[in-house]
Every structure is written in structure tokens, then in C-alpha cells.
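# Architecture and fold: a report
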Amino acid sequence: MINKTLFLIGSGIIPDETDFLFQRLFNLVGGASKVKLGIIAESTYEDVVSVEYLTSDLLNCGLVNSQIDWININDNNKNSPEIVSRIKTRNIFYFTGGSQDRQLFGVLYDGLANDERFESLALKTIRQLIDSGQAIYAGHSAGTMLSQGDVLIVGGDSYEALINGSYDVKDNSAGDADLILDYEGGLSFFNYGTIDSHFAYRGRQGRLIRTIVDSKNRFGFGIDNVSAALIKITDTTATMECIGTGIHIIDDIEVSIPSNNPKKISNLKMHRLSNGDIYNLILNTITYRGKRLVTGRERIKQIRISNDILSSSMNKNENGERANPDEWDKIVKELLLSIYQSTTGYSFEQPQVKIVFTKKQNTRVYARIKNKNVENYSYENLYVDIILP
């Protein structure tokens, strides 16, 4: 009988800003006093620093040192009775950020030298505890992405993904910014689509779109910074709740790539959850919570055309940061709350990729309105066309 819970954070740990996410995680096991958390940190080469940083924030959120155990799984102990005994004492397994392929290939599987995957005893024990509901899978950034069973994004940027397509992880010809996919997937705790993290801030829409188009995997889920997906799966049900800023869903069921114009990807559908909304992963329906329908009440009469729709890391501000983080999300919000039916965005990189956003008859927007300001906005059935140079 399956009764598993996953708590997947989209960003890294941001002290104060992400503390409310930890409180929600702790409440899943009865509150901070009940937490017995095991850190799995092998996705980063700086695992000691990563563990110390995470531990510091966990202590600030109400835990004490005796509740936290860094389960330092490695090639020498991943099948040992001692590591299994420690694993069995935990009710939350927290997978840190870094590089998802290092954790996957380095410590949790055997047989990789022969291009095979056999679960280590450590992973088998973690899986049994999570699948039975005795423990929760939690993580951030790479640890979030590692949870999935469908095609796994190993790395890559949106512009290069759209222009160059994707590369199999076994293909050594990919460039540094190219989209690299592992078609064998991650740890298979979540099997309803491909997950990406740091989503809107880093403009990762392009790489997730390319992933699901190339892999013919219908759904992609992009989790924003300072947000988490609370996923509950049983033998007969599966839901995803948005905690925090937002979760973006890409659905390619209606997508078309004309044979006479392979440089155009048409009719992608996008949905957006905001805090409290619940997506039914089986029925593909959304329950909006604490919001009202605002479609038909649009008021904005002027919208922008973006020249950095993919929030390029090549376009820096004076502080050396992305000049236009969250740009795709901002442009879409302007359109959905406006009197217009469509708008356009272009990539910062040359030659430019063109993105066209269109509202149709079935497009719906929901939001919480406070003092005439739109908060926690959500939508369904926004249509996206991509025209490549």
C-alpha cells in the first residue's frame, strides 16, 4: 500500500524567507518537537558546508542538534547494516541542492560502472519508509529534481535548449549551456512528469518545454523560489499543493510541430498554481483556494513586449545579477489582467527566439484581491507558441 508524502522546495535555503516552508514541513510529522530529520547531502562536492548551512537554518526554525543526523552515505557504507539502522530512525529525509546526477550516480545505486542501476540497501530502506508513509521525502533545488522518475534534467539553459534541442546524458558532445537529459530518470518517488526548480526566477520555461517536447512526456512542473510542492500519493489518489509563490504546469497534449516548419512549437498549454491551490495529478484538475475568478474583469490597458523573456543569465544588472528575473511570469501576468488577447516576448540572446502568449475562450484567471491589488494569482489554459530563428 502506497501512502507517500513529498515536500519539494524550488529554491535553495534563504534564511527568514524560506522558514515558513520548514514550519509547514515539520507540521507534517506533528510539529518541530516530533521531527527526526536525516540529511542526504551527496549531491554537492561541498557537502560539509551544505550540511552546516542547512543545519543552521533548521536550528533557527526550532529544531535541536539531536533531531538532525547527516546520513553520510558513500560507496563504502551504502549497503551496511549500520547505515540502515540510522536510516530507520528518521521520519524526514532531506535531500540537499547541488548536482542531482552526482547523488544519483555516486552513492545511491550500485552497478553503474556497467551502465546498470541496482538500488543500494540504503536507498531501498529509504524507499520503504517513504512509500509506506513512515517518513517524508523532502529537498530543495537538485534534491527536489532528484525525486522524479521521469526524464531528469541534468543541466542546461533555456535559450540553448530551444535552439539546440536536448542531449542524452551519455552524449559527450553537449556544450556547457546545452540541455542534458537522463532518460532513466531520478529516484522515482514522483512519476507524473518532469520537475524543474528555481523556475520563474531563472527563466527555465524554455528548458522544461524542450524537455517534455523531446521526451514526449506530457507534463512538466516548475517550482518557483520560496515555494514548495506538497505532494501526496496513495494507491488511488495523487495531489500537488502549492505552498508559497507558485508552481507552473506545462501540458503538451495539444502541442504541434508542423512538418513544414520544425522551428515552430505551437499550442503548448500552461497553468499556474499559487499558495493553497491543489492540482489533481490523476484527473488533471485544479482546485483554487482563497481566490476568486477575475476573468472578464480585466482592466490593464498597456502591456510590455519583453526583450529578455527567458531571464538570461547573460544579461546582468549593476550588481552582477540577472537583470530581469521572473520576466516570463511578469509578462504573462500583465497579459492575463489586461484587455488584450495576446502578447509577445523575445530572448535576450541573438538570434532571438520569439514567444507568443495567447488567451483563448477556456483561459481562466483567479486571484486574491486586497486593497485593489492582485495577490496570489493563478491561471489555467494559457497558450504558448515558440518561433525559433
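First, a word on scope: everything that follows refers to the structure included in this document.

Cut-offs and rules
Residues numbered from 1 in each chain as written. Predicted model: local features only at pLDDT ≥ 70, side-chain atom pairs only at ≥ 80, totals over all residues. Heavy atoms only, no water. Pairing = 2+ DSSP bridges. Helix = DSSP H or I, 4+ residues; strand = E, 2+ residues; numbered from the N terminus. Axes fitted to C-alpha atoms, helices over the stretch in contact; angles between N-to-C directions. Phe/Tyr/Trp six-rings, centres within 6.5 Å; stacked < 30°, edge-to-face > 60°. Buried < 20%, exposed > 50% of the residue type's maximum accessible area, 1.4 Å probe, protein only. Lys NZ or Arg CZ within 6 Å of the ring centre and 35° of its normal. Contact = heavy atoms within 4.5 Å.

### Here we look at the sheet that holds strand β8 (residues 152–155)
On the basis of which strands lie adjacent, the open sheet formed by 3 strands has the order β8-β10-β9 and mixed pairing. Edge positions in the sheet fall to β8 and β9 (166–168), since each of these pairs with one other strand and no more. Averaged over neighbouring strand pairs, the angle between their axes works out to 40 degrees when direction is ignored. Sheet topology note: the β9/strand β10 (residues 179–182) ladder contains 3 bridges and is parallel. Each residue of the ladder has a partner; that of Tyr167, found in β10, is Ile180.

### Section: the packing of aromatic side chains
Here the structure, examined in full by the defined rule, presents 12 aromatic pairs. Geometrically, the ring pair formed by Phe22 and Tyr94 is tilted, given 5.9 Å between the ring centres and 35 degrees between the ring planes. Taken together, the residues Phe22 in helix α1 (residues 19–27) and Tyr94 in strand β4 (residues 92–95) connect sequence positions 72 residues apart. The two residues Phe22 and Tyr94 agree in class, both being buried. Aromatic rings pair up to connect Phe190, Tyr192, Phe219, Phe221 and Tyr279 into one cluster. When the ring centre of Phe189 is taken as reference, the NZ or CZ atom of Arg127 above it lies at 4.6 Å. In this structure, Lys360 packs its charged tip against the face of Tyr383, placed 4.2 Å from the ring centre.

### Focus: the side chain of Thr194
With respect to the secondary-structure elements, Thr194 resides in strand β11 (residues 194–196). On the basis of relative accessibility, which here comes to 0%, the residue Thr194 falls in the buried class. With near-sequence residues (within four places) excluded, Thr194 lies in contact with Gln148, Asp150, Val151, Ile153, Leu208, Thr211, Asn217, Phe219, Gly220 and Phe221.

### Details of the sheet that holds β4
With mixed pairing, the 9 strands of this open sheet are ordered in space as β3-β2-β4-β7-β1-β13-β14-β17-β18. A strand with exactly one partner marks an edge of an open sheet, and here the two such strands are β3 (68–70) and β18 (285–287). Averaged over all pairs of adjacent strands, the angle between strand axes in this sheet comes to 20 degrees, irrespective of strand direction. Sheet analysis places strand β2 (residues 37–40) next to β4, joined by 4 bridges and oriented parallel. Bridge pairing in β4 places Leu37 opposite Ile92. In the packing of helix α2 (residues 47–60) onto the sheet, contacts are made with β2, β3 and β4, and the angle to β3 comes to roughly 175 degrees.

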